[in-house]
Amino acid sequence: LSHLARRIMTLFSGEVAFFRLSSSQVVVGHGPFSRSAECPAGDAFYVNDFALAQQQPWLVPQSWEVLSAANIEGAEVELQAEWLAPDASRFAQVFQAITTALRQGVIEKTVPVVVEQGHLLRGDGYGIATRFAQLAAPKIGYGLLTPQRGFAGATPEVLFEMKGLELRTMALAGTARRDEHAMFSIDDKEIREHELVAQSLVAKLADLGTVQRQPRRILDLDPLIHFQSLIEVALHEPVRVERLLRLLHPTPALGPLPRTQESLHLLGDWREALQCPAEFGAPFGLRWQDSFRAVVAIRGLWWEGQQLLLPAGCGVIEASRMVNEWRELHLKREAVKRAIHLHSPPLSF
């Protein structure tokens, strides 16, 4: 490795968390962490599972480090893994159960998650974290790792960002390949899926302040594109971070609609049946100086030792077709591998 690459690897050692704060800054917290049930007075990470079941989700590092983009560009970490194809029959069973719930009117939308398992042949978790931390906007790098296990990713989805009485969030739903741009822009199914998410968010936020939704647009994350609607709220009064986390998570982009105890329980059962990591789709946040920003923990990898898990979710509504959703899940997983240059070994004949 180059001197710069070795420098990056020493940053990601021991227990560490990171969050890409902007196009030019990555905040790194070094453990051991002190943990808290309540939001600390100072800077801290927020890390929870999808059910928000962690009793002490706030992590305060022993020390902090802020890196500029120049510090992490060009670090060369070789990553190679072999993969086991996900079980299509297990997904088919869950998809059928979802279809039944949709027809019975129990839900309008939900998000099953399929997990691809792999084995890391070259590299380690710190190398994976380094790669995700390198990725720039609109992707936001995040991660929590120890020498034995961890997870990291680069998500395009912000759960919310709050500074004073200003709140920003987004609806991000609807997916296609970049070369399908023209048809995607008029696809009724993808537009309906997106509008369910956007309208639900606007309704949830209406009581908190003046809501302004920007027009739906297409976000290009080559090789994938998504519908995105940015939403801004001028809050009537200060709102506690924990209240917003429970109000907005899970958004319909990752959770059920309507969000009821029954629909959340069903989704939990489907996630468990498909062996989804607990933190996938959960909020991952950073309180830094006078603001708080939380992202949705998607487009990432989970690992323990050399064993890898690569989850991806798909929004299912009544108009969804299983073969199309299975294809979308594959596209999302491959996009993660491509983003961090996680190669497979060459085929031997």
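Definitions and limits used
Residues numbered from 1 in each chain as written. Predicted model: local features only at pLDDT ≥ 70, side-chain atom pairs only at ≥ 80, totals over all residues. Heavy atoms only, no water. Phe/Tyr/Trp six-rings, centres within 6.5 Å; stacked < 30°, edge-to-face > 60°. Helix = DSSP H or I, 4+ residues; strand = E, 2+ residues; numbered from the N terminus. Buried < 20%, exposed > 50% of the residue type's maximum accessible area, 1.4 Å probe, protein only. Pairing = 2+ DSSP bridges. Axes fitted to C-alpha atoms, helices over the stretch in contact; angles between N-to-C directions. Parallel < 35°, antiparallel > 145°, perpendicular 65-115°, else oblique. Left-handed = near helix turned anticlockwise from the far one by under 90°. Contact = heavy atoms within 4.5 Å. Nonpolar A, V, L, I, M, F, W, Y, C, P; charged D, E, K, R; others polar. pLDDT = per-residue confidence, 0-100.

## Some remarks on the packing of aromatic side chains
Summed over the entire model, instances satisfying the criterion amount to 15 aromatic pairs. Measuring from centroid to centroid gives 6.1 Å for F151 and F284, while their planes differ by 85°, and the two rings are edge-to-face. Linking F151 in strand β10 (residues 149–155) with F284 in strand β16 (residues 283–288), this pair joins segments that are 133 residues apart in sequence. By relative accessible area, F151 is classed as buried at 5%. Residue classification places F284 among the buried positions, given a relative accessible area of 1%. Here F184 and F227 contribute two aromatic rings whose centre-to-centre distance is 4.1 Å and whose plane-to-plane angle is 20°, an arrangement assigned as stacked. Note that F184 is positioned in helix α5 (residues 181–184) and F227 in strand β15 (residues 224–235), a separation of 43 residues in sequence.

## Section: the pairing of strand β11 (residues 158–163)
When a strand is regular, its side chains alternate between the sheet's two faces. For β11 and strand β17 (residues 291–296), the ladder comprises four bridges, and the chain directions are antiparallel. Paired with V158 across the strands is V295, a residue of β17. Alignment of β11 against strand β12 (residues 166–177), held across three bridges, turns out to be antiparallel. Its bridge partner being in β12, M162 is matched across the sheet by L167.

## Concerning unusual backbone geometry
A negative phi angle is the norm for most residues apart from glycine, just as the trans form is the norm for most peptide bonds. Between D222 and the following residue, P223, the backbone shows a cis peptide bond with an omega angle of 15°. Among the structural elements, P223 can be located in the loop between β14 (217–221) and β15. Along the chain, H249 connects to P250 via a cis peptide bond; the corresponding omega equals -10°. Along the chain, the position of P250 falls in the loop between α7 (241–248) and α8 (261–273). We note that L52 has phi near 55°; this positive angle belongs to a residue other than glycine. For L52, the location among the structural elements is in the loop between β4 (44–47) and β5 (58–60). Look at Q275: it is not a glycine, yet its phi comes out positive at around 60°.

## Quick notes on the packing of helix α3 (residues 88–103) against helix α9 (residues 322–339)
Packing of α3 against α9 brings their axes to within 11 Å, and their N-to-C directions diverge by 125°. With respect to α9, the element α3 is oriented oblique. α9 is crossed by α3, and the crossing has right-handed handedness. Counting all contacts with α3, which are made through A88, F91, A92 and F95, the residues of α9 involved are M322, E325, W326 and L329. Class assignment of the residues belonging to the contact of α3 with α9 gives a composition of seven nonpolar, no polar and one charged.

## Some thoughts on the confidence of the model for the protein
Taken as a whole, the protein shows an average pLDDT of 92; of its residues, 93% reach a score of 70 or greater. Every residue in residues 1–9 scores below 50 in pLDDT, and together they form 18 contacts with partners more than four places removed in sequence or on other chains.

## Some points on the sheet that holds strand β7 (residues 80–84)
Here nine strands make up an open sheet; going across it, the order is β6-β2-β1-β9-β10-β18-β19-β8-β7 and the pairing antiparallel. Only two strands of the sheet have a single neighbouring strand rather than two, namely β6 (63–68) and β7. Each neighbouring strand pair of the sheet contributes to a mean axis angle of 20°, computed without reference to strand direction. Judged from the five bridges that link them, β10 and strand β18 (residues 300–304) form a sheet pairing that is antiparallel. Pairing of G150 across the sheet is with W303, part of β18.

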